[in-house]
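Chain by chain, the residues:
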Amino acid sequence: MTPEQIRVGTNTIMTYAERQAFWKNSEIGKLLGFDRWPDLPQKSETSLVFNLSAEKWVSNSNQAELIKDHNWIQIEAAIRELDGKSKTLVTLKYDDETYMNIGGGKSDKYVVTATFNNQIFDVLVDLPKSDEIEKLVVGGQEENYPAKMCVDLLHCLLAARTFTNSGKLDPLLSWE
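Residues numbered from 1 in each chain as written. Predicted model: local features only at pLDDT ≥ 70, side-chain atom pairs only at ≥ 80, totals over all residues. Heavy atoms only, no water.

## A word on the overall build of the protein chain
Broken down by element type, the protein chain carries four helices and eleven strands. Buried residues in the protein chain amount to 42% of all 176 residues. Within the protein chain, contacts between residues at least 6 apart in sequence are counted, and of these 51% link residues at least 24 apart. If you sum the accessible surface of the protein chain, you get close to 10100 Å²; carbon and sulfur atoms cover 51% of it. (Helix = DSSP H or I, 4+ residues; strand = E, 2+ residues; numbered from the N terminus. Buried < 20%, exposed > 50% of the residue type's maximum accessible area, 1.4 Å probe, protein only. Contact = heavy atoms within 4.5 Å. Areas by Shrake-Rupley, 256 points an atom, 1.4 Å probe, with all protein chains shown as cover.)

## Details of unusual backbone geometry
You will see that D108, though not glycine, has its phi angle at about 55°, which is positive. When you line up the elements, D108 lands in the loop between strand 6 (99-104) and strand 7 (110-115). Despite not being glycine, N118 has its phi angle at roughly 60°, a positive value. Residue classification places N118 among the partly exposed positions, given a relative accessible area of 38%.

## Overview of the sheet that holds strand 11 (residues 174-175)
Consider a sheet: its strands pair through backbone hydrogen bonds, and that pairing is either parallel or antiparallel. Ordered by their spatial adjacency, seven strands build an open sheet running 4-1-5-6-7-8-11, and the pairing between neighbours is antiparallel. The two strands at the open ends of the sheet, each matched to only one other strand, are strand 4 (65-67) and strand 11. Bridge analysis of strand 6 against strand 7 gives six bridges, and the strand direction is antiparallel. The partner of M100 across the bridge, within strand 7, is A114. Running at roughly 25° to strand 1 (residues 51-54), helix 3 (residues 72-80) makes contact with strand 1, strand 4, strand 5 (89-93), strand 6 and strand 7 of the sheet. Across the sheet, helix 4 (residues 153-166) touches strand 5, strand 6, strand 7, strand 8 (121-125) and strand 11, and the angle it forms with strand 6 is around 160°. (Pairing = 2+ DSSP bridges. Axes fitted to C-alpha atoms, helices over the stretch in contact; angles between N-to-C directions.)

## Re helix 4
The end-to-end C-alpha distance of helix 4, which contains 14 residues, comes to 20 Å, matching closely the 20 Å that a straight helix rising 1.5 Å per residue would cover. Of the residues one or two after helix 4, G167 is the one with positive phi, at around 75°. (Expected span 1.5 Å × (residues − 1).)

## A short note on the pairing of strand 7
For strand 7, a buried count of six out of six residues is recorded, marking the element as mostly surrounded by other parts of the structure. Across the two faces of strand 7 the burial is the same, with Y110, V112 and A114 and V111, T113 and T115 all buried. Connecting the antiparallel pair strand 6 and strand 7 is a turn made up of five residues, with G105 showing a positive phi of about 110°. Adjacent in sequence and paired antiparallel, strand 7 and strand 8 are bridged by five residues, among which N118 carries a positive phi angle near 60°.

## Examining a nonpolar patch on the surface
On the surface, a nonpolar cluster with roughly 330 Å² of combined accessible area is contributed by I28, L31 and L32. What makes L32 exposed here is its relative accessible area of 54%. (Patch = residues over 30% accessible without salt bridge, like charges linked within 9 Å, V, L, I, M, F, W, Y side chains within 5 Å. Salt bridge = Lys/Arg side-chain N within 4 Å of Asp/Glu carboxyl O.)

## What about the pattern of salt bridges?
Evaluated as defined, the whole model comprises five salt bridges. A salt bridge links R80 to E76; the shortest N-O distance between them is 2.8 Å. Of the two residues, R80 and E76 both sit in helix 3, four residues apart, roughly one turn of that helix. Judged by its relative accessible area of 18%, E76 falls in the buried class. A salt bridge links D96 to K93, with the shortest nitrogen-to-oxygen separation between them at 3.3 Å. Classification of D96 as exposed rests on a relative accessible area of 58%.

## Thoughts on the nonpolar core
By size, the foremost hydrophobic cluster in this structure holds 28 residues, and its most contacted members are I79, V90, L92, M100, I102 and V112. When residues in this core are grouped by element, the largest group, eight residues, is from helix 4. L136, V138, Y145 and C150 belong to the second-largest nonpolar core, a separate cluster that totals nine residues. (Core = buried A, V, L, I, M, F, W, Y, C linked by side-chain atoms within 4.5 Å.)

## Overview of the pairing of strand 1
Here strand 1 shows one buried face, formed by L52 and A54, and one open face, formed by N51 and S53. Here strand 1 runs beside strand 5; their pairing, made up of four bridges, is antiparallel. Residue L52 lies in a different strand from strand 5, and its bridge partner there is L92. Across three bridges, the pairing between strand 1 and strand 4 is antiparallel. In the strand pairing of strand 4, S53 is matched with L66.

Remember that the coordinates give geometry; whether it matters functionally is a separate question.
Below you can see the structure in the form of structure tokens.
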């Protein structure tokens, strides 16, 4: 199934609370049993991400931009600017050990990783996907990634929005 087939007729990026309400109140959500879930605590819209770093490669030099006083519009814009050429990595940083990296961007393919201790990294995956290999430029370096690690923009933005607002991984997405 492609991402377009599971968007349930919308391309709108929803907040965590909006997604919870959608699943609980929509017909498809009721068919899947989400209406029987207990109410979940509401997430704050206050950003827990303190630093936004967006790299920009000029020749062989990284001229990264660090934005300390940012909002979601700036974070989303930085992610959407990823092109897999000169702009290949955005970092959402809470502290030295807690951050999310979003890389790639070429052909609507992104690699999203997050860590809470700078030792174990969770990777956003899109299942099921083939065992093919995709070439993406992340952090200025072209690397081979399993196709399941190459997610579309919608999943990337959902992961980033949840991390920005809560400092956690979105539980409705698949992580390995």
